[in-house]
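The residues making up each chain are set out below.
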Amino acid sequence: MMPGDIQPYIDGVLNGNRRMLSKTITLIESTHADHQKKARLIMDQLLPHTGKAIRMGITGVPGAGKSTFIDALGMMLLEMGHKVAVLAVDPSSVVTGGSVLADKTRMKKLSIEENAFIRPSPSGGKLGGVASKTRESMLVCEAAGFDVIIVETVGAGQSEVAVASMVDFFLILMIAGAGDELQGIKKGVLELADVVAINKADGDNINRAKLAQQQYEMALHISAPSFSGWRPPVVTCSARESKGIKEIWNIVTDHRTILAATGELDMKRRQQSLDWMWYLIKESLTESFNSDPQVKNSLTKIKREVMDGLTSPISAAEKLLTYHNIN
Ligand SMILES: Nc1nc2c(ncn2[C@@H]2O[C@H](COP(=O)(O)OP(=O)(O)OP(=O)(O)O)[C@@H](O)[C@H]2O)c(=O)[nH]1
Ligand SMILES: [Mg+2]
């Protein structure tokens, strides 16, 4: 590979050229070995130009209003002079090839703005793969001068953990539901939140939203504060009416000020990079173990033996790992 091949990408991204930004992300998302190699060389050159943006993750159950919220928040940020990039980690795209942001019309206002960049989730592959591409795309957007990066994911499983591990601030968008307010969100996920916002607090839904707010406050009260003493506030908002959006942004910037002062922001990012490396290693090891032909061949039999108590879990694990290590 000649350096000249990648120079137009590097220059383009650093000059904020949207077409080259898109093309670079396409290279990152490509499964071709050639493209991946090229993408890696480009990333190495762009890395020194990253790290300055505010990285924010947003999750919430389907229909919570994530797209509407990002549209409202994004427009407000543009007015404040920010450049906003919106990316997605979509676990459903892994299975179906669909994408949370495929329909850009859900961010009607933001999608036509010069200073906003919206990129749907890459489809196919494994969640780890999709998430790692989103993480790299985030860095490319930073190098291109976007100073607020919003990563959206559907609150339905593992993807929240992946997103929380690549952002500085994690917002969970909820809606007031009938009965158990905590339904639809896994307990561990709530612990990732830096703020919980009850959306759709408008019309005749305001009181229900306030009630949900109290219930979440109680649920969150029992979890321990982070190193800096940050306790995730619970607020209400209306994405549709752009109410409470400014207040949430103030929380984001307050959080940042506190974490920057204690050094926790820097520590968090350093730890995230390391976590990410381990994540990629584990993904890759599991992948190679699962795709090992001899492991595949004997797995059903060994699993049954373990369940029936004919083989101990430890000797089964040893046997399978030996098969794998020999190949
Ligand atoms: N009343 C009210 N409706 C809202 C609000 N925010 C979003 N909605 C509506 O809720 C529906 C879902 O909104 P989306 O923004 O598409 O929700 P989402 O979380 O992005 O949904 P998925 O991408 O499918 O997970 C739409 O019909 C919105 O108009 C709000 O603040 N108040
Ligand atoms: Mg959406």
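Residues numbered from 1 in each chain as written. Chains lettered and ligands numbered in written order. Predicted model: local features only at pLDDT ≥ 70, side-chain atom pairs only at ≥ 80, totals over all residues. Heavy atoms only, no water.

What is the right way to read the overall build of the chain from this model?
Across its full length, the chain holds 13 helices and seven strands. Considering the chain as a whole, with its 327 residues, one finds that 46% of them fall into the buried category. Counting every atom, the chain has about 16,600 Å² of accessible surface; 56% of that belongs to carbon and sulfur. (Helix = DSSP H or I, 4+ residues; strand = E, 2+ residues; numbered from the N terminus. Buried < 20%, exposed > 50% of the residue type's maximum accessible area, 1.4 Å probe, protein only. Areas by Shrake-Rupley, 256 points an atom, 1.4 Å probe, with all protein chains shown as cover.)

What am I meant to see in the environment of Leu321 here?
Here Leu321 shows up in helix 13 (residues 313-326). Taking the C-alpha atoms as reference, Leu321 lies 8.0 Å from Phe289; in sequence the two are 32 residues apart.

Quick question: what am I supposed to make of the site of ligand 1 here?
Of all residues adjacent to ligand 1, which total 16 residues, the nearest are Lys66, Thr68, Arg106, Asp202 and Ala239. Between ligand 1 and Lys200 there is a distance of 2.9 Å, counted from an oxygen atom to a side-chain nitrogen or oxygen. Between ligand 1 and Ser238, the relevant distance is 3.4 Å, taken from an oxygen atom to a side-chain nitrogen or oxygen of the residue. Out of a free accessible area of 650 Å², ligand 1 has 77% covered by protein chains. It is helix 4 (residues 66-79) that provides the largest number of residues to the shell around ligand 1, a total of three residues. Along the lines of polarity and charge, the residues of the shell around ligand 1 split into four nonpolar, six polar and six charged. (Near = heavy atom within 4 Å. Polar contact = N/O pair within 3.5 Å; in protein donor to acceptor, adjacent residues only side chain to side chain. Nonpolar A, V, L, I, M, F, W, Y, C, P; charged D, E, K, R; others polar.)

Whenever I open this one, the nonpolar core confuses me. Can you help?
Most often, soluble globular proteins have nonpolar side chains that are buried together. Residues Leu21, Cys141, Phe146, Ile149, Val196 and Ile198 are the most contacted members of the largest nonpolar core, which totals 50 residues. If you tally residues by element for this core, the top one is helix 6 (residues 127-143), at seven residues. Mapping this core onto the domain boundaries places at least three of its residues in each of domain 1 (1-49) and domain 2 (51-261). (Core = buried A, V, L, I, M, F, W, Y, C linked by side-chain atoms within 4.5 Å. Domains from an automatic or database assignment.)

How should helix 12 (residues 293-307) be read in this particular structure?
Helical geometry note: an α-helix holds 3.6 residues per turn, so side chains three or four residues apart project in the same direction. Between its first and last C-alpha, helix 12 extends 22 Å over 15 residues, near the 21 Å set by a 1.5 Å rise per residue. Where helix 12 bends most, the angle comes to about 45 degrees, and this point is Leu299. Restricting attention to buried positions, one finds in helix 12 the residues Val295, Ser298, Ile302 and Glu305. Its buried side turned inward, helix 12 meets helix 11 (264-290) and helix 13. (Expected span 1.5 Å × (residues − 1). Bend = angle between axes of the 7 residues up to and from the residue. Contact = heavy atoms within 4.5 Å.)

I'm lost on unusual backbone geometry in this one. Help?
With the exception of glycine, most residues fall at negative phi, and the peptide bonds are largely trans. Backbone geometry at Lys200 places phi at a positive 65 degrees, although glycine is not the residue there. Take Lys200: it is sitting in the loop between strand 6 (195-199) and helix 9 (206-221). One non-glycine residue, Ser242, lies in positive phi territory at about 55 degrees. Ser242 sits in the partly exposed class, given a relative accessible area of 44%.

Would you take a moment to explain the side chain of Thr311 for this structure?
Tracing the chain through its elements places Thr311 in the loop between helix 12 and helix 13. Accessibility expressed as a relative area gives 14% for Thr311, which makes it buried. Of the polar contacts made by the side chain of Thr311, one reaches the side chain of Glu305; its length is 2.9 Å. Other than its neighbours up to four places away in sequence, Thr311 contacts Glu305, Val306 and Ala316.

Just to check I follow, could you spell out the packing of helix 10 (residues 245-262) against helix 11 for this structure?
Between two packed helices, the angle of one axis relative to the other and the distance separating the axes together describe the packing. Contact pair helix 10 / helix 11: the axes reach a minimum separation of 5 Å and the direction vectors enclose 85 degrees. With respect to helix 11, the element helix 10 is oriented roughly perpendicular. Residue-level contacts link Arg256, Leu259, Ala260 and Thr262 of helix 10 to Glu264, Leu265, Lys268 and Arg269 of helix 11. (Axes fitted to C-alpha atoms, helices over the stretch in contact; angles between N-to-C directions. Parallel < 35°, antiparallel > 145°, perpendicular 65-115°, else oblique.)

In this structure, what is going on with the pattern of salt bridges? I would like to understand it.
Two side chains of opposite charge can pair, provided their charged atoms sit close to one another. According to the stated counting rule, one finds six salt bridges in the structure shown. The partner of Glu142 in a salt bridge is Arg55, with the nearest N and O atoms 2.6 Å apart. Of this pair, Glu142 sits in helix 6 while Arg55 sits in strand 1 (residues 54-60), placing them 87 residues apart in sequence. Arg55 shares its class with Glu142; the two are buried. Two residues, Arg269 and Asp168, come together in a salt bridge whose shortest N-O distance is 2.8 Å. Placement of the pair is Arg269 in helix 11 and Asp168 in the loop between helix 7 (159-164) and strand 5 (169-175), with a sequence separation of 101 residues. One continuous salt-bridge network, built from bridges that share partners, spans Asp168, Arg256 and Arg269. (Salt bridge = Lys/Arg side-chain N within 4 Å of Asp/Glu carboxyl O.)

I would appreciate a short explanation of the side chain of Glu142 in the present structure.
By relative accessible area, which is 6% here, Glu142 ends up buried. Engagement of the side chain of Glu142 in a polar contact is seen with the backbone nitrogen of Gly51, the distance being 2.5 Å. Beyond its immediate stretch of four places on either side in the chain, Glu142 contacts His49, Thr50, Gly51, Lys52, Ala53, Arg55 and Ile149.

What's the story with the packing of helix 4 against helix 10 in this structure? I'm lost.
Across the interface, helix 4 lies against helix 10 with an axial gap of 10 Å and an inter-helix angle of 75 degrees. When the interaxial angle is binned, helix 4 and helix 10 end up roughly perpendicular. Mapping the contact onto sequence places Phe69, Ala72, Leu73, Met76 and Leu77 in helix 4 and Ile245, Lys246, Ile248 and Trp249 in helix 10. Across the contact of helix 4 with helix 10, the residue classes tally to eight nonpolar, no polar and one charged.

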